[in-house]
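# An overview of the molecular structure
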Amino acid sequence: MDGGEEKILQFARSIKGKTPADWDHLPDIGLYMDQVVTFLERQLAPYRESEGDHLITPSMINNYTKAGVVHRAEAKKYSQSHIALLILVCTLKQVLSIPDLTRLLSGSPGESEIASLYASFRMKLAGSMDETAGLVDAAAENITGPAREEALRRLALDFAIEAQARSFAARKILAILEPGRSEKEAPKGRAPRKSGKPSKGGQAS
């Protein structure tokens, strides 16, 4: 096995079983901006394409707040809800625009709703990453000779096609659910309601 194929195997094994911390292990004491960036960089490290990539910066967080996808910090401190939403945004921004992410998250305004959404996100991400790791591992390790590189290229193509189809479907669904919503129309600096209070039009989960 050459160096490139060994790196592919290492990559597959590095993402297997990797998910961000669960809700109960997100900081609940309130973090300042620099602490948030440090925490998120560690949590999102498995999704970094190269060592020099910065997955989150203070300016990014400020932009997400201005767009309304993440609510404003309270006394310059970021809560569990902020951290969970930022992990969601940083993970999904490769396949959804910020306006689409605002549409996606607009139905989870309260802390209990955000916690529930975050738990679903982690469970689905874990399953998807494990499945992906298994497919990459099988193509890199079980296929021998010249066919291995071709199999890996075909697998990369399959992943890209599936990602495009599902990203397109996600964008269409969100556009249908909230027609006419633009980035300028996104709610600015919304703050989550406290857990246990009814959300508009229904009961808190």
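Everything numeric in this text was worked out from a predicted model, so none of it was measured. (Residues numbered from 1 in each chain as written. Predicted model: local features only at pLDDT ≥ 70, side-chain atom pairs only at ≥ 80, totals over all residues. Heavy atoms only, no water.)

## A few points about the packing of aromatic side chains
- Applying the stated criterion across every chain yields a total of one aromatic pair.
- Look at Y118 and F121: their rings are 5.9 Å apart centre to centre, the planes differ by 35°, and that puts the pair in the tilted class. Placement of the pair is Y118 and F121 together in helix α6 (residues 111–142), with a separation of three residues, close to one helical turn.
- Among the residues examined, Y118 registers a relative accessible area of 1% and is labelled buried. (Phe/Tyr/Trp six-rings, centres within 6.5 Å; stacked < 30°, edge-to-face > 60°. Helix = DSSP H or I, 4+ residues; strand = E, 2+ residues; numbered from the N terminus. Buried < 20%, exposed > 50% of the residue type's maximum accessible area, 1.4 Å probe, protein only.)

## What about the side chain of D137?
- Along the chain, D137 falls in helix α6.
- Residue D137 is classed as buried on the basis of its relative accessible area of 18%.
- Excluding anything up to four places from it in sequence, D137 contacts L9, A12, R13 and N142. (Contact = heavy atoms within 4.5 Å.)

## Side note on the nonpolar core
- Counting 39 residues, the largest nonpolar core has L26 and L40 as its most contacted members.
- Elements that contribute at least two residues to this core include exactly α2 (33–43), α3 (58–67), α4 (80–92), α5 (98–105) and α6.
- Looking at which element gives the most residues to this core, the answer is α4, with eight residues.
- Every residue in contact with L40, bar those within four places of it in the chain, is listed here: I56, I83, L86 and I87.
- One finds L9, V136, L152 and L155 within the second-largest nonpolar core, a separate group that totals seven residues. (Core = buried A, V, L, I, M, F, W, Y, C linked by side-chain atoms within 4.5 Å.)

## Considerations on unusual backbone geometry
- The backbone of A75 shows a phi angle near 55°, a positive value even though the residue is not glycine.
- Relative to the elements of secondary structure, A75 occurs in the loop between α3 and α4.
- A positive phi angle, close to 65°, is found at K76, a residue other than glycine.
- A relative accessible area of 67% places K76 in the exposed class.

## Let's talk about the pattern of salt bridges
- For the coordinates displayed, the defined rule picks out five salt bridges.
- Residue R103 pairs with D100 through a salt bridge whose shortest N-O separation is 2.6 Å. Of this pair, R103 and D100 both sit in helix α5, separated by three residues, roughly a single helical turn.
- For R103, a relative accessible area of 14% puts it in the buried group.
- Overall, D100 belongs to the buried group, its relative accessible area being 7%.
- Across the pair E150 and R154 runs a salt bridge, and its minimum N-O distance is 3.0 Å. Within this pair, E150 and its partner R154 are both found in helix α7 (residues 147–177), separated by four residues, close to a single helical turn. (Salt bridge = Lys/Arg side-chain N within 4 Å of Asp/Glu carboxyl O.)

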